Structures are given as structure tokens and as C-alpha cells.
Amino acid sequence: MINKDKPQIPSGDKVLDIPEGLWTKCPSCSRFLYNKELQLNQSVCQYCQHHFPLQALERISFLADPQSFVEYDHNLLSVDVLGFNGEKSYEERLRYYQEKTGLNEAVVCGKCTIGSIPVFLSVMDFNFLGGSMGSVVGEKITRTIERSLTERTPLIIISASGGARMYEGMISLMQMAKTSAALQRLSQAGIPYISVLTNPTMAGVTASFASLGDVIIAEPKAMIGFAGSRVIKETTQQELPQGFQTSEFLLEKGLIDKIIHRKDLRSSLKELLYFLV
Ligand SMILES: [Zn+2]
């Protein structure tokens, strides 16, 4: 039986099976992409420009000047304050994602230079529990904002998140207020903050720091919103416009300032930083 999700290359009468792990099927144009080539292309489909999710450390390597990134707060670890018990406990899930991603949490924070300009950088990783914001994600982002303020150094946050972390209940929701209040102090001090939204940026993250940038950039066709479109459709009982909750739709409506292709992101951030500092 032919597996449609696995690449098959016809060779004469035969269909050759290609070993898994070498190819990735593009969810947008359905073409098979050679993994090595995809990696060289910053995980962007060469045919339709679909932007695949990036790991936080990959993202940092594409943006920061070589060898310039110094990580802070790597050892802050989440605890199961609510004693959450579902199919798997919160602690089990944390351990699983720590092993899977090699990260301690869903955000990596630190300082680096971009085009020789010092900048504080927080990068979320959707692969870690859907990039959800619990107390540690909120605390790490807040500390990064506070360091930006103390050192009067610009801040960049790259978001990729499904929203607040349900395993931490109200404590995760409180991170919205905490990060927003810290950004208010940064804004009052006149320190620039650039927010970059990637696919997806949703719920509590969109409703807090992701939408508070002095400049808000998005990657092409990223899903950005608060509630999911199905919930909105059922609640409002209305047909949603085409392209609802995409970067392109939100640019048209004025929520974001610019859509930038991943390959141009570093040079655009560099230009913006030269302009802002
Ligand atoms: Zn594609």
C-alpha cells in the first residue's frame, strides 16, 4: 500500500520508498523537501515560502552575531504548584519536553549583538509544551525586560505560543499582567522594544507582551490571534472573513507594522536597531 505521507519516487515501473527522516512534506504546497536543503533555507519551503517552526536555538543562531549570545536564567525550572493530574502529571510532561527539546523551558533569554548593536533577546520555542506561558516563561521574559531597562539596551522578543499554560491555572494568567507592567516601565524609559510574531502566536501571549512592541513584525502567513477561529465563529454565529487571524489580515487591519520573510529578518532588525538607538 502506498503511504501518501511518505515520499515515493517513481523509477521505471517501480516506486522507490525513501527512508524517513530525509524528507519533510510541506503542509502548504505538499511538496517533499530534502531536510538538508530545508535547513540551509532556514526552514522555509523553497517552493511556496511556507515558514516551518524554528527551534529557539536555531532562531538565535540565525539572528545573533556569531558567538555573541549569552544566555540568562537557564536554570529556572517550573514546579507543579497546583498538583495537576490529568492523563499525565504536569511534572511528567515537563520532563518529557525537557528531554525532547533539550531546553528547560519554552523560552530562551539572553543578551547578544545584532550588527554589533547590543540587544536583549527572548525567543520562545513552540516545541516545548506548545510554547505555553507558565510562571517561569513569564518570569524569564520579565527579567529580560528588566535587564533591558537597567542597561538601557533595546529588547527583541520572538513569540511562538499557544497561550497561557493551563497546568498552572491562574498563575500562568498572572504572567500577562506581569510582563505587560514591566514593558510599561521600559516604554516610559524610552527603551525600544521590537516584537516579532511567528506561527502561531495566540491567546495570552498575543494579549500581553507580543502586542506591546514599539514595532511589531510578523513572519508571512503566521496565525496570530486571541481565541481560536472556531470558537469565535461559534460565539458570534458569523462567517469569518478570508485570511482571518493571519499576518496579512492583521497588517491590513493595522495590528502589526510589517511582514518580513525569515531570510530578511536579521538584516531588517539590524536596520531597525540602527534607526532606534
Ligand atoms: Zn511548500
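Residues numbered from 1 in each chain as written. Predicted model: local features only at pLDDT ≥ 70, side-chain atom pairs only at ≥ 80, totals over all residues. Heavy atoms only, no water.

*Asks:* Provide a residue-level description of the coordination of the zinc ion, including the pertinent values.
*Replies:* Listed as protein donors to the zinc ion are C26 (SG), C29 (SG), C45 (SG) and C48 (SG); their distances from the metal cover 2.3 Å. Relative to the metal, the four donor atoms surrounding the zinc ion lie at angles of 105 to 114°, and the coordination shape comes out tetrahedral. Read in sequence order, the donor residues coordinating the zinc ion give the pattern C-x2-C-x15-C-x2-C. With a relative accessible area of 0%, C45 lands in the buried category. C48 gets classed as partly exposed once you look at its relative accessible area, which sits at 24%. (Donors = N, O, S within 2.8 Å, 3.2 Å for Na, K, Ca; no water. Tetrahedral: all angles 85-135°; square planar, octahedral: opposite > 155°, others 65-115°. Buried < 20%, exposed > 50% of the residue type's maximum accessible area, 1.4 Å probe, protein only.)

*Asks:* Requested: an account of the pairing of strand β8 (residues 155-161), with residues and values cited.
*Replies:* A large share of β8 lies buried, amounting to seven of its seven residues. Residues L155, I157, S159 and S161 line one face of β8 and the alternating positions I156, I158 and A160 line the opposite face, and both faces are buried. Pairing geometry for strand β7 (residues 117-124) and β8, over four bridges, is parallel. Bridge assignment links L121 to a residue of β8, and that residue is I156. Once you follow β7 into helix α4 (residues 135-151) and on to β8, the crossover reads as right-handed. Taken together, the six bridges between β8 and strand β9 (residues 193-202) define a ladder with parallel strand orientation. When the sheet's bridge partners are listed, S161 is paired in β9 with T201. (Helix = DSSP H or I, 4+ residues; strand = E, 2+ residues; numbered from the N terminus. Pairing = 2+ DSSP bridges. Right-handed = clockwise from strand over helix to strand, strands pointing away.)

*Asks:* Requested: an account of the nonpolar core, with residues and values cited.
*Replies:* Formed by 58 residues in total, the largest nonpolar core has its most connected members in L155, I156, I194, V196, F209, I217 and L269. F209 has contacts with M124, M133, I141, I157, S159, T179, S180, L183, Y193 and S195, leaving out every residue within four places of it along the chain. (Core = buried A, V, L, I, M, F, W, Y, C linked by side-chain atoms within 4.5 Å. Contact = heavy atoms within 4.5 Å.)

*Asks:* Please set out the pattern of salt bridges residue by residue, giving values where relevant.
*Replies:* One pass over the full model with this rule turns up twelve salt bridges. Among the ionic pairs, R59 bridges to E219, the shortest N-O distance being 2.8 Å. With a gap of 160 residues between them, R59 in helix α2 (residues 56-63) and E219 in the loop between β10 (215-218) and β11 (224-225) connect regions that are remote in the sequence. Between R165 and E105 there is a salt bridge, and its shortest N-O distance comes to 2.9 Å. A residue pair is termed long-range when its members are at least 10 positions apart, and R165 in the loop between β8 and α5 (169-188) and E105 in the loop between α3 (90-101) and β6 (107-114) qualify at 60 residues. Per residue, the accessibility class of R165 equals that of E105, and both read buried. Connected via shared salt-bridge partners are D73, E139, R143, R147 and K178. (Salt bridge = Lys/Arg side-chain N within 4 Å of Asp/Glu carboxyl O.)

*Asks:* Now, about the domain arrangement of the protein chain: what can you tell me, with residues and values included?
*Replies:* Parsing the protein chain into structural domains produces domain 1 (18-52) and domain 2 (54-276). If you average the C-alpha positions of domain 1 and of domain 2, the two centres end up 24 Å apart. Listed as interface residues are seven residues of domain 1 and, on the opposing side, eight residues of domain 2. When the two sides are added together, the surface that domain 1 and domain 2 hide from each other amounts to roughly 740 Å², 47% of it contributed by carbon and sulfur. If you sort the residues of domain 1 by the area they bury against domain 2, Q42, H51 and F52 come out on top, with a joint share of 70%. Counting across the domain 1 and domain 2 interface gives five residue pairs in polar contact (both at pLDDT 80 or more). A class-by-class count of the residues in the side of domain 1 that touches domain 2 yields two nonpolar, five polar and no charged. (Domains from an automatic or database assignment. Buried area = accessible area lost by both parts, 1.4 Å probe. Polar contact = N/O pair within 3.5 Å; in protein donor to acceptor, adjacent residues only side chain to side chain. Nonpolar A, V, L, I, M, F, W, Y, C, P; charged D, E, K, R; others polar.)

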